[in-house]
Amino acid sequence: MRRTLFESLTHAPLTEPAPAPDEAALAELAQSVNRTARAKLGRSLSIRQIDAGSCNGCELEIHALNNAFYDLERFGLHFVASPRHADVLLVTGPVTKNMREALLRTYNATPDPKWVVAVGDCAFNGGIFGGSYAVAGGVGGVIPVDLHIRGCPPTPTELLKGLIALLDRANEVAVRRA
Ligand code: SF4
């Protein structure tokens, strides 16, 4: 026990270092994130995840963000249970016709300023489910999207890069105004 305590005091954390923000994501955000809204956002982001019809592959990668290795919360990013407490909606999957109304209602229940991040190829344009009779299309066809994180599924590092790009935009303005 004493040895374990000593090791935990003398060893560096085992978490992965933060990746640099994604350049493409920064460019996309620059066009869509309003400056005043960014200043209000502050230095942390509350994220509400919505599965609009995903195969759950994207969710597995999103869940990995909360494990001890990626440790999402150390960046000021955390998941919340209600859209009313969220700054960001993280939407996965093609939007199925059954989930279209629920997605719209969740978007309307999220207070401004808010951002929508579409995760995965399906959320971009329907992906491999595009054209299905049960699918309404990509997320952008239902609600406005600020950032796409492509991939099938995107890795936790790619997800982190996109979210850190979003957070960086917020911090940039907060520092400039301090
Ligand atoms: S992008 Fe790939 S992993 Fe994500 S929901 Fe679509 S098929 Fe599944």
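This write-up is about the structure you can find in this document. (Residues numbered from 1 in each chain as written. Predicted model: local features only at pLDDT ≥ 70, side-chain atom pairs only at ≥ 80, totals over all residues. Heavy atoms only, no water.)

What follows is about the overall build of the protein chain. Across its full length, the protein chain carries 7 helices and 7 strands. Along the chain direction, N to C, the helices and strands of the protein chain fall in the order α-α-α-β-α-β-β-β-α-β-α-β-β-α. Here the protein chain, with 178 residues, has 44% of them falling under the buried criterion. Pairs at least 24 residues apart make up 85% of the contacts formed inside the protein chain by residues separated by at least 6 positions. Of the roughly 9600 Å² of accessible surface on the protein chain, 54% is carried by carbon and sulfur atoms. (Helix = DSSP H or I, 4+ residues; strand = E, 2+ residues; numbered from the N terminus. Buried < 20%, exposed > 50% of the residue type's maximum accessible area, 1.4 Å probe, protein only. Contact = heavy atoms within 4.5 Å. Areas by Shrake-Rupley, 256 points an atom, 1.4 Å probe, with all protein chains shown as cover.)

Lining the immediate environment of the ligand, one finds Ser-54, Cys-55, Gly-57, Cys-58, Gly-120, Asp-121, Cys-122, Ile-128, Phe-129, Gly-151, Cys-152 and Pro-153. Secondary structure elements with two or more residues in the shell around the ligand: helix H4 (57-64) and helix H6 (121-125). Among the residues making up the shell around the ligand, the classes are represented as 7 nonpolar, 4 polar and 1 charged. (Near = heavy atom within 4 Å. Nonpolar A, V, L, I, M, F, W, Y, C, P; charged D, E, K, R; others polar.)

What follows concerns the environment of Val-91. Along the polypeptide, Val-91 turns up in strand E3 (residues 88-92). Sequence separation between Val-91 and Gly-53 is 38 residues, and the spatial gap between their C-alpha atoms is 9.4 Å. When residues no more than four places from it in sequence are discounted, the contact partners of Val-91 are Ile-50, Ala-52, Leu-103, Val-116, Val-117, Ala-118, Val-119, Ala-123 and Val-139.

The 5 strands lie next to each other as E2-E1-E3-E5-E7, forming an open sheet whose pairing is parallel. The sheet terminates laterally at strand E2 (77-79) and strand E7 (147-149), the two strands that pair on one side only. Averaged over all pairs of adjacent strands, the angle between their axes in this sheet comes to 30°, without regard to strand direction. As defined by bridge partners, strand E1 (residues 45-51) adjoins E2 across 3 bridges and the pair is classed as parallel. Its bridge partner lying in E2, Ile-47 is registered against Phe-79. Sheet contacts for H4: E1, E2, E3 and strand E5 (115-119); angle to E3, the most-contacted strand, approximately 140°. (Pairing = 2+ DSSP bridges. Axes fitted to C-alpha atoms, helices over the stretch in contact; angles between N-to-C directions.)

Let's shift gears to the pairing of E5. Of all 5 residues that make up E5, 5 are buried, and the element is covered over most of its length. Along E5, one buried face is formed by Trp-115, Val-117 and Val-119 and the opposite face, lined by Val-116 and Ala-118, is buried too. Here 5 bridges tie E3 to E5, and the two strands are oriented parallel to one another. Each bridged residue has a counterpart across the sheet, and for Val-88 the counterpart in E5 is Trp-115. Pairing geometry for E5 and E7, over 3 bridges, is parallel. Paired with Val-117 across the two strands is Leu-147, which belongs to E7.

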